[in-house]
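# Report on the structure
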Amino acid sequence: MASRRVSSLLSRSLSSSLFSLRGNGPLVNRGGAHRYSNLASAVEDTITPPVKVQHTQLLINGKFVDSASGKTFPTLDPRTGEVIAQVAEGDVEDVNRAVVAARKAFDEGPWPRMTAYERSKILFRFADLIEKHNDEIAALETWDNGKPYEQSAKIEVPMIARVFRYYAGWADKIHGMTIPGDGSHHVQTLHEPIGVAGQIIPWNFPLVMLSWKLGPALACGNTVVLKTAEQTPLSALLVGRLLHEAGLPEGVVNIVSGFGPTAGAAIASHMDIDKVAFTGSTDVGKIILELASKSNLKAVTLELGGKSPFIVCEDADVDQAVELAHFALFFNQGQCCCAGSRTFVHERVYDEFVEKAKARAINRAVGDPFKSGIEQGPQVDSEQFEKILKYIRHGVDSGATLQAGGDRHGSKGYYIQPTVFSDVKDDMLIAKDEIFGPVQTILKFKDLDEVIARANNSRYGLAAGVFTQNLDTANRLMRALRVGSVWINCFDVFDATIPFGGYKMSGIGREKGIYSLSNYLQVKAVVTSIKNPAWL
């Protein structure tokens, strides 16, 4: 079960990421970084990752154990396609074991019964351990996923610690209400943990997505059975160990490595799981929703696909717009559900924008993600690699103009040249489908009425970017676009406090911020009759 998202990084310069992310000007190139156009050998010599794989078993009831079947599967290094490690392959029986442990921990264990303050202290200790093991966690994430190590170490792992601290702070502030009723009654609501939560995380941001799901679930007092993506199982197992070092009771968090049709389906359809959260493709999200409804009608939150418009208005500073649009699409090898994958540019600045976007893509640093200064590593696996190349061929065949890239980078691993298409039409596959790779499609528009209609003409509604200096234009677009997030003169700003989720077929519900707490709570109304009340 694949796929998705994150960060506050303009990968071209980590030290200036927030500056550039907010659209305050392009950054200078770093010396020594390998550019895809002139040094394909940049990806040929791989660096030995500065980490050892310690955990490859399932984590059930506080212990690392083999799968019930004894089966394993390989997790691969996307830089080479070679095996990193053999990982225990969880199946239906393993999900059952994990659910039994989680149910016992919820029904009989100390986690939902300890004070919220005690739960918060464990989560705060866990965040401290994340920071202590920052480099080790980041190296595993990069090795298994292919994203630049600087992105993992300086942006994503610190973000994970921040998310857990945010929800640790919420733990003792979750409470119900006292409500004035009609008549002689005392009316109150209780906010209770929902029970056992099943969580299925993607491969594009494994630990960031883990934090978005585990953080609120644990703060609310729930227990969890979590399935990792089969492409990226390693980092979650290390983090699971750190959770228990922080004092998490046995059975509260159980981690099963495995495949979607077996372990993922078992979670979605399990009769003793009370809620399921999934991040991945829209097609798989539909299956999750169907399985949940056909089993015990468990609550479901879904964060799914996107084809987000990035709108460059006629008053734009073109250099700044090019840099931000480049980041919006190419960040994380283009493997972001909210990527700005439809770049709408006003006809007045279109030709200049295309030429500069082409130059920026050609100048993008592609290579081994453990090398300093690299902006783009390999795609996650051969399936994703081949799918992206297929879409590139579709773009060429449909008549779009290939301005840059269009092929693999190097001869080893799953690297793809940063690719730019111009003269793209709305009915082309590259303008409609979620490519999930480093392929920028640039479309021309004449006025706001037109671009609003075209931007909204999608089955997706996850996010949008707007680049303009005009406040009236920004206000009109932010209200007209049918999406869950609108970034104005910035992109991919993912503070722990900001809710994230989509309209239409981009999902159900919100993650992060206060809104995510409701995903893991039941609201109970309690009404008590009062005799001879002094007041009502």
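Scroll up for the structure.
Below or above, wherever it landed, is the structure these notes cover. These numbers were taken from a predicted model, which means no experiment stands behind them.

Conventions used here
- Residues numbered from 1 in each chain as written.
- Predicted model: local features only at pLDDT ≥ 70, side-chain atom pairs only at ≥ 80, totals over all residues.
- Heavy atoms only, no water.
- Axes fitted to C-alpha atoms, helices over the stretch in contact; angles between N-to-C directions.
- Helix = DSSP H or I, 4+ residues; strand = E, 2+ residues; numbered from the N terminus.
- Parallel < 35°, antiparallel > 145°, perpendicular 65-115°, else oblique.
- Left-handed = near helix turned anticlockwise from the far one by under 90°.
- Contact = heavy atoms within 4.5 Å.
- Nonpolar A, V, L, I, M, F, W, Y, C, P; charged D, E, K, R; others polar.
- Salt bridge = Lys/Arg side-chain N within 4 Å of Asp/Glu carboxyl O.
- Buried < 20%, exposed > 50% of the residue type's maximum accessible area, 1.4 Å probe, protein only.
- Pairing = 2+ DSSP bridges.

### Considerations on the packing of helix α3 (residues 116-132) against helix α7 (residues 234-245)
At their nearest, the axes of α3 and α7 sit 9 Å apart, and the two run at 135 degrees to each other. Compared by their axis directions, α3 and α7 come out oblique. Seen along the crossing, α3 lies across α7 with a hand that is right-handed. In contact with F126, L129 and I130 of α3, α7 contributes V239, L242, L243 and E245. Residue classes in the contact of α3 with α7 are distributed as six nonpolar, no polar and one charged.

### Let's talk about the pattern of salt bridges
Using the criterion set out here, one finds 26 salt bridges in the structure. Where R360 meets E375, a salt bridge forms, and the shortest distance between an N and an O atom there is 2.8 Å. Here E375 lies in the loop between α11 (350-362) and α12 (382-397) and R360 lies in helix α11, a separation of 15 residues in the sequence. You can call R360 buried: its relative accessible area is 6%. In the salt-bridge network here, residues are joined through shared partners; they are R103, D107, D272 and D274.

### So, the pairing of strand β3 (residues 72-77)
Note: β3 against strand β4 (residues 82-88), six bridges, orientation antiparallel. The partner of L76 across the bridge, within β4, is V83.

### Points about the sheet that holds strand β12 (residues 309-312)
Strand order in the open sheet made by the seven strands is β14-β15-β16-β13-β12-β18-β19, with mixed pairing throughout. The sheet is open, and its two edges are formed by β14 (401-404) and β19 (485-488), each paired on a single side. Averaged over neighbouring strand pairs, the angle between their axes works out to 25 degrees when direction is ignored. For strand β15 (residues 419-422) and strand β16 (residues 439-445), the ladder comprises three bridges, and the chain directions are parallel. Residue pairing in the sheet places F421 in a bridge with T441 of β16.

Spatial relationships are all this shows, so hold off on functional conclusions.
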